[in-house]
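# Structure assessment
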Amino acid sequence: MLRVAEIDRIERTLEEMFPDAFCELIHKNPFELVVAVALSAQATDVLVNQVTPGLFAAYPTPSDLATAPVAAIEEKIKRLGLYRNKAKNIKALAERLITLHEGEVPTDRAGLEALPGVGRKTANVVLSVAFDVPAFAVDTHVERVSKRLGICRWKDNVTQVEATLMKRFKRERWSKLHHQFIFFGRYHCKAQRPHCLECPLLDMCREGKKRTKGTIIPVD
């Protein structure tokens, strides 16, 4: 387990590298956000941002989306993987918002997770970004970075990763750190070609040490 000083170092480094990290899914309101996050499963934010403008222009409210034919929704999002299932889910999500929540996105975790296509990660993102509720959403980037840096165990599932991160970092920092972990994983500690030799955390990174073994690292 990492020492407190090491956890503090990770937090400081992420703040220095990505002080302005933010949710890159383009949205105007909680409804657009929950739909965008639901669509982002197994898809990049860049691609989601390419399809949602047309989707929201055609169906700007839950009522519009709920009454739209599934085939028409599929046509709007067909560039995304699993678009058929996603079309059914976001239509059902909109229907649930109308029938149970008067067209409003619920502000509590239970209400969010009861929506079709919304799991714990999506609920955490919506709670954090839309409603300023401290949360630590664990996506593929957060999970990868957490394990490479030794904050979590390789065998931990996403629920265990989330619990560990919430335990090791202060609650008021969860939401910002979630985005900083994502930026670090998306732009620096990439899955295939991480920038290990330029990484300020290389000396404490299990993956980085393996990748750079035998490499002559320049010293300033």
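The notes below deal with the structure included here.

### A look at the overall build of the protein
Helix and strand content of the protein: 12 helices and 0 strands. Going from the N terminus to the C terminus, the protein shows its helices and strands as α-α-α-α-α-α-α-α-α-α-α-α. Its C-alpha atoms give the protein a radius of gyration of 19 Å, within 12% of the compact-globule value 17 Å for 220 residues. Summarising its shape, the C-alpha atoms of the protein cover approximately 60 × 30 × 30 Å along the three principal directions.

### Concerning unusual backbone geometry
With glycine set apart, most residues show a phi of negative sign, and most peptide bonds adopt trans. In the Ramachandran plot, Glu102 falls in the positive-phi region, its phi being about 55° despite a non-glycine side chain. Residue placement: Glu102 occurs in the loop between helix 6 (83–101) and helix 7 (109–113). Accessibility expressed as a relative area gives 75% for Glu102, which makes it exposed. With a phi angle near 55°, Asp132 is a residue other than glycine that sits in the positive phi range. With respect to the helices and strands, Asp132 occurs in the loop between helix 8 (120–131) and helix 9 (140–148).

### A look at the nonpolar core
In terms of nonpolar packing, the biggest core is built from 36 residues, with Val35, Leu39, Leu55, Leu65, Ile73, Ile90 and Leu112 touching the most fellow members. Counting only elements with at least two residues in this core, the list comes to helix 2 (30–39), helix 3 (45–58), helix 4 (62–66), helix 5 (70–77), helix 6 and helix 8. Setting aside residues up to four positions removed in sequence, Leu112 forms contacts with Val105, Pro106, Val118, Ala123, Val126 and Leu127.

### Considerations on the pattern of salt bridges
Under the criterion given, the structure shown has 15 salt bridges. Across the salt bridge formed by Arg186 and Glu24, the nearest N and O atoms sit 2.3 Å from each other. Of this pair, Arg186 sits in helix 11 (residues 174–187) while Glu24 sits in the loop between helix 1 (4–17) and helix 2, and the two are 162 residues apart along the sequence. For Glu143, the salt bridge goes to Lys147, with nearest N and O atoms at 2.9 Å. A residue pair is termed a helical-turn pair when its members lie 3 or 4 positions apart in one helix, as Glu143 and Lys147 do in helix 9 at 4 residues. For Glu143, a relative accessible area of 22% puts it in the partly exposed group.

### Considering helix 11
When the terminal C-alpha atoms of helix 11 are compared, their 20 Å separation across 14 residues agrees well with the 20 Å that a helix rising 1.5 Å per residue should span. Among the 14 residues of helix 11, 11 are classified as buried, and the element is accordingly described as predominantly covered. Listed as buried for helix 11 are Trp174, Ser175, Leu177, His178, His179, Gln180, Phe181, Ile182, Phe183, Phe184 and Gly185. Lining the buried residues of helix 11 we find helix 1, helix 8, helix 9 and helix 10 (158–168).

### Description of the side chain of Asp45
Tracing the backbone shows Asp45 in helix 3. Given the relative accessible area of 15%, Asp45 is considered buried. Setting aside anything within four residues of it in sequence, one finds Asp45 in contact with Glu24, Leu25, Ser40 and Arg186.

### A short note on the packing of helix 9 against helix 11
In the contact formed by helix 9 and helix 11, the axes pass within 8 Å of each other and the chain directions differ by 80°. Relative to helix 11, the element helix 9 is oriented roughly perpendicular. Judged by residue contacts, His141, Val142, Arg144, Val145 and Ser146 of helix 9 engage His178, Phe181, Ile182, Phe184, Gly185 and Arg186 from helix 11. For the contact of helix 9 with helix 11, the class distribution of residues is 5 nonpolar, 4 polar and 2 charged.

### Focus on the packing of aromatic side chains
With the rule as written, the count across this model stands at 7 aromatic pairs. With 6.0 Å between their ring centres and 80° between their planes, Phe169 and Phe181 make a pair best called edge-to-face. Here the residue Phe169 occupies a position in the loop between helix 10 and helix 11, and Phe181 occupies one in helix 11, the gap between them amounting to 12 residues. The two residues Phe169 and Phe181 agree in class, both being buried.

Criteria and cut-off values
Residues numbered from 1 in each chain as written. Predicted model: local features only at pLDDT ≥ 70, side-chain atom pairs only at ≥ 80, totals over all residues. Heavy atoms only, no water. Helix = DSSP H or I, 4+ residues; strand = E, 2+ residues; numbered from the N terminus. Rg over C-alpha atoms; globule rule 2.2 N^0.38 Å. Buried < 20%, exposed > 50% of the residue type's maximum accessible area, 1.4 Å probe, protein only. Core = buried A, V, L, I, M, F, W, Y, C linked by side-chain atoms within 4.5 Å. Contact = heavy atoms within 4.5 Å. Salt bridge = Lys/Arg side-chain N within 4 Å of Asp/Glu carboxyl O. Expected span 1.5 Å × (residues − 1). Axes fitted to C-alpha atoms, helices over the stretch in contact; angles between N-to-C directions. Parallel < 35°, antiparallel > 145°, perpendicular 65-115°, else oblique. Nonpolar A, V, L, I, M, F, W, Y, C, P; charged D, E, K, R; others polar. Phe/Tyr/Trp six-rings, centres within 6.5 Å; stacked < 30°, edge-to-face > 60°.

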